[in-house]
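Chain by chain, the residues:
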Amino acid sequence: MKSIGVFTSGGDAPGMNACIRSVVRTGLYLGLDVYGIKYGYNGMIDGDIYKMKSYSVSNIVQRGGTILKSARSMDFKTKEGRAKAYEQLTKRGIEGLVAIGGDGTFTGANIFYEEYGIPIVGAPGTIDNDLYGSDYTIGFDTAVNTALDAIDKIRDTANSHDRVFFIEVMGRHSGYIAIQSGIGGGAEMVMVPETSTTINDVISTLKEGRDKQKTSSIVVVAEGGEQGDAHEVAAKVSKELPELDIRVSTLGHIQRGGSPTSYDRILSSRLGMAAVEGLVNGEKNVMVGVVNDKITFTSFKLAISKAKPINQELMRLVEILSI
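Computed from a prediction, not measured in an experiment: that's the story for all the values here.

Some details on helix α5 (residues 140-161)
Working step 1: The terminal C-alpha atoms of α5, which comprises 22 residues, lie 32 Å apart, in line with the 32 Å expected from a rise of 1.5 Å per residue.
Working step 2: The complete set of buried residues in α5 reads Phe-140, Thr-142, Ala-143, Val-144, Ala-147, Ala-150, Ile-151, Ile-154, Arg-155 and Ala-158.
Working step 3: Those residues of α5 hidden inside the fold are in contact with β6 (164-169), α6 (176-184), β8 (217-222), β9 (246-250) and α9 (262-280).
Working step 4: In the stretch just after α5, Asp-162 is the one whose phi turns positive, near 55 degrees.

Here's the deal with the environment of Met-44
Working step 1: The topology assignment puts Met-44 in helix α2 (residues 40-46).
Working step 2: For the pair Met-44 and Arg-82, spaced 38 residues apart in sequence, the C-alpha to C-alpha distance is 8.8 Å.
Working step 3: Each residue touching Met-44, except ones within four places of it in the same chain, is listed here: Phe-7, Ile-37, Lys-38, Ile-49, Phe-76, Lys-84, Ala-85, Gln-88, Leu-89, Leu-97 and Phe-112.

Digging into the sheet that holds strand β1 (residues 3-8)
Working step 1: With mixed pairing, the 7 strands of this open sheet are ordered in space as β3-β2-β1-β4-β5-β10-β11. Strand pairing shows two members of the sheet lacking a second neighbour, β3 (49-52) and β11 (294-299), which therefore form its edges. Recorded for the sheet is a direction-independent mean angle of 30 degrees between the axes of neighbouring strands.
Working step 2: Lying on the sheet, helix α1 (residues 16-29) is in contact with β1, β2 (33-37), β3, β4 (96-101) and β5 (120-124); it crosses β4 at an angle near 165 degrees.

About the cut-offs
Residues numbered from 1 in each chain as written. Predicted model: local features only at pLDDT ≥ 70, side-chain atom pairs only at ≥ 80, totals over all residues. Heavy atoms only, no water. Helix = DSSP H or I, 4+ residues; strand = E, 2+ residues; numbered from the N terminus. Expected span 1.5 Å × (residues − 1). Buried < 20%, exposed > 50% of the residue type's maximum accessible area, 1.4 Å probe, protein only. Contact = heavy atoms within 4.5 Å. Pairing = 2+ DSSP bridges. Axes fitted to C-alpha atoms, helices over the stretch in contact; angles between N-to-C directions.

What follows is the structure, given as structure tokens:
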């Protein structure tokens, strides 16, 4: 293999730039030509591709977002779009790809490999931490710390006014951000999609807190839960406990931005290096991850189809620490 391409796709995540940097410099270290593909699969189709040098990735390890930009591509979902993408790659002699993204990115990569056989190694770039085959994904640690900072600030005003705050964090169908930011932020309750928590459970917990002289409470709600978003949960609780002064805060996209933490920079760098070395050593149609602090490779099909179980010990910790 003499030439590879790297791209980011789907939602951005802090640490993507650190991963791009690692891919480029590892590739150059191994004597490869490295091409940057802008705007994900759209750029692959449109030929928005350029050769990268070591200086191309200078001064980006600390930056959030992605210098290669990101986009969701409807055209790549068609055979015609994928044919154009393959034509653009072969025109430049690109023999392998590093795809930095989440399940949507890897779904497209799996189809692309099956149709054209081009080796692809994925690096898990998603704040949701929902991909099977890696204990942590790029951007997750930063997102947790961003959420935690917001929770700390909201708790100040909750205490000042004796209020109950329902704080919604990202995660789509994964409760990892909610659990870790909830524990770190001292939340009285965490609601995640992976476990069944009823409105009566929330009401009971809040009542018990009041009986124990707690004047304020924090409930962290992961988006995508069966009881609805934070506004819906708060409305249901308020109906049953009208005496409580309830407020809602949705943290939203601030969780995607910001300078990556030290952990995310190191994780991203490890995954970028391992992805390139994996390509050179014959890995294909797989996602690189870290399990028990060791580099592993998991097939795209397994990474995107197998549910990543929630840590039940952490859920138990939430319950114990809320008394």
